[in-house]
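# Analysis of the macromolecular model
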2 protein chains.
Amino acid sequence: MKLSKDIINCKSCIYRNLLYEMLSDEEYEKVNTSRTEIIYDRGELMIQEGGEINEFMYLRKGLVKMYKTNSQGKDQILTINKPGDFINLLSIFSQKTQQYSVSALEETHVCSVKLDTIMEIIKSNSEFAIRIMNRMSYIADEIIKKRFEINQRQVKGRVAYMLRFLAEQIYHKNEFRMPITRRELGELISMTTENTIRTMSEFKKDGIIEMDGKNIHLVDFERLKKVCEMG
Amino acid sequence: MKLSKDIINCKSCIYRNLLYEMLSDEEYEKVNTSRTEIIYDRGELMIQEGGEINEFMYLRKGLVKMYKTNSQGKDQILTINKPGDFINLLSIFSQKTQQYSVSALEETHVCSVKLDTIMEIIKSNSEFAIRIMNRMSYIADEIIKKRFEINQRQVKGRVAYMLRFLAEQIYHKNEFRMPITRRELGELISMTTENTIRTMSEFKKDGIIEMDGKNIHLVDFERLKKVCEMG
DNA sequence: GTCGTTTTATGAATTATGTCATATTCAAAT
DNA sequence: ATTTGAATATGACATAATTCATAAAACGAC
């Protein structure tokens, strides 16, 4: 973890419209000055479940996993987040601590704005407050929907669903390098590592995917979709 | 579904402090006049996934299930809601339609406030806006945590977890009448009806619970807790 | 009350998933 | 380059869960 040296002004940030479009110049300046950009290395823990919340954080670059650890020390991954995503918005208004852990799956750049500043603007700008509510609602929905989709499938369907998710939502192509291990893929779909690996092998044998280590190619996307729909 | 005739003023409502404590007299009056109280019978559909959102709704009396229906027509229940709970708050800011269906498990009284009125107050009263955000965050968290807890258990643990939930969170005693069928219990824990019934029978045979139809008595709560912790 | 439908219940067969053991490959650290 | 630990891979076996079949009990509509 280190501070970024070349910080971009929010005005030229591609994620500006996600959140800040309705701010006044003055409010805008407040955000800009209370803002830092932090770089996390692959594997670094960015947010610890139970930790204090002082910053409002969102991704500018990279990929992270959001997860919870159970009493036996096993992780359950809730989502994979990409640039433009807010990674602790659901915790901020819990009036408590961070509700989920977040760690970097690759080098990740985070914009971090002091929570006080954000709260100040929420109080003075209702349009901004409503936008924040929209984002909260969206984030909650995405997590809940994903669990809904996963719970109604069995292993093959779950793996297929996640491969589609990675291809369609994260990489926007059928060929990519897996950002997570097979164990983490298992933690994402609530399955054992062995079963997850076996299913991937089966997909390979069946000619649905090609795979060389972490490099994945979804060669028969139509069949993958079919597995995803029923299995 | 019918309108309630004896509507209580919000000022004497026991749920007032959940939400309205910081409103001005004027805002208060706005809520009170744009408010209706609706009574739903057991089994009635109160909110349909995909439907339009015009009202802000919360329970004053009764019990409901919040659920989603998958493409094969199977339901998955997300939560059971009780008086004081907001039943469409997560949908309101989705800028779309109702994200979940809600139906009454028993005679249920709902306070329904025009969404326009709520939005108006959010815009004029930032304290109220923040309270709404707190509630949203809480609701999302409860749903996500519950899925987290359920996913890491197998059938016995899941059934035990839900029985504890009903006893501790809903009825506040170890003896109660099940508000849902065994099928619905299965939909709540992502298991088949047969397995759910079998597990309940097993608990009975093992002397953990006593059961006569829908009447449940958790006679050996300590053992139930133990099953809940590991199984 | 009677009829029809849903719910509860249980057994047997089948399938899915988890566990344990073991081997190989890969990648990071020295 | 070598070591070490993690990740991938696979088989055999045990366990868990689903499916299908069937039946009794409970419940609502008439």
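What this report covers is the structure whose coordinates are included nearby. (Residues numbered from 1 in each chain as written. Chains lettered and ligands numbered in written order. Predicted model: local features only at pLDDT ≥ 70, side-chain atom pairs only at ≥ 80, totals over all residues. Heavy atoms only, no water.)

### Focus: the relation of the copies chain A and chain B
Rules: Least-squares superposition of the copies uses the C-alpha atoms of those residues scoring a pLDDT of at least 70 in each of them. We call two residues in contact whenever any of their non-hydrogen atoms come within 4.5 Å of each other.
Mapping chain A onto chain B leaves a residual RMSD of 0.0 Å; the transformation is a rotation of 180° accompanied by 0.0 Å of translation along its axis. These values place the two chain copies in the arrangement generated by a two-fold rotation axis. Residues of chain A ranked by C-alpha distance from the rotation axis are headed by A140 of chain A, positioned 2.9 Å from it. A shared interface surface links the copies, since 100% of the contact residues of chain A are contact residues in chain B too.

### Focus: the protein's contact with DNA strand D
The following threshold applies: We call a residue near a molecule or strand as soon as one heavy atom of that residue lies within 4 Å of the molecule or strand. Polar contact is the term for a pair of N or O atoms within 3.5 Å; when the atoms are in protein, one must be able to donate a hydrogen and the other to accept it, and sequence-neighboring residues count only if both atoms are side-chain atoms. A run of H or I in DSSP becomes a helix once it reaches four residues, and a run of E becomes a strand once it reaches two; helices and strands are each numbered from the N terminus.
Taken together, 17 residues sit near DNA strand D, with R182, S201 and K214 of chain A together with Q154 and N195 of chain B positioned nearest. Protein-proximal atoms of DNA strand D, defined as those within 4 Å of the protein, fall in sugar or phosphate at a share of 67%. Between R198 of chain A and DNA strand D, the recorded distance is 3.1 Å, taken from a side-chain N or O atom to a base nitrogen. Between a phosphate oxygen of DNA strand D and a side-chain N or O atom of N195 of chain B, the distance comes to 2.5 Å. Of all the elements in the fold, those that place two or more residues in the surface near DNA strand D are α7 (182-189) and α8 (193-205) of chain A together with α8 (193-205) of chain B. Counting residues per element, the surface near DNA strand D draws most heavily on α8 of chain A, which supplies four residues.

### Some points on the packing of aromatic side chains
To describe a pair of aromatic rings, one takes the distance between the centres and the angle between the planes. Residue and element names in this part refer to chain A. We count it as follows: For this analysis, a ring pair means two rings from Phe, Tyr or Trp (six-membered ring only for Trp) whose centres lie within 6.5 Å, classed as stacked if their planes differ by under 30 degrees, edge-to-face if by over 60, and tilted for the remaining angles. Buried residues are those whose accessible area, probed at 1.4 Å on protein chains only, stays under 20% of the maximum for their type, while exposed residues exceed 50% and partly exposed ones sit between those limits. The criterion is that NZ of a Lys, or CZ of an Arg, lies within 6 Å of the ring centre and within 35 degrees of the ring normal, and then a charge sits over that ring.
One pass over the structure, following the stated rule, counts ten aromatic pairs over all chains. On the numbers, 5.7 Å between centres and 65° between planes, the contact of Y58 with F86 is edge-to-face. Of the two residues, Y58 sits in strand β4 (residues 55-61) while F86 sits in the loop between β6 (75-81) and α3 (89-92), which places them 28 residues apart along the sequence. The exposure class of Y58 is buried, given its relative accessible area of 6%. Of the residues examined, F86 reaches a relative accessible area of 5% and is grouped as buried. Here a set of aromatic residues connected by ring pairs shows up, and it is made of Y20, F56, Y58 and F86. The side chain of K65 reaches across the aromatic face of Y67, ending 4.9 Å from its centre.

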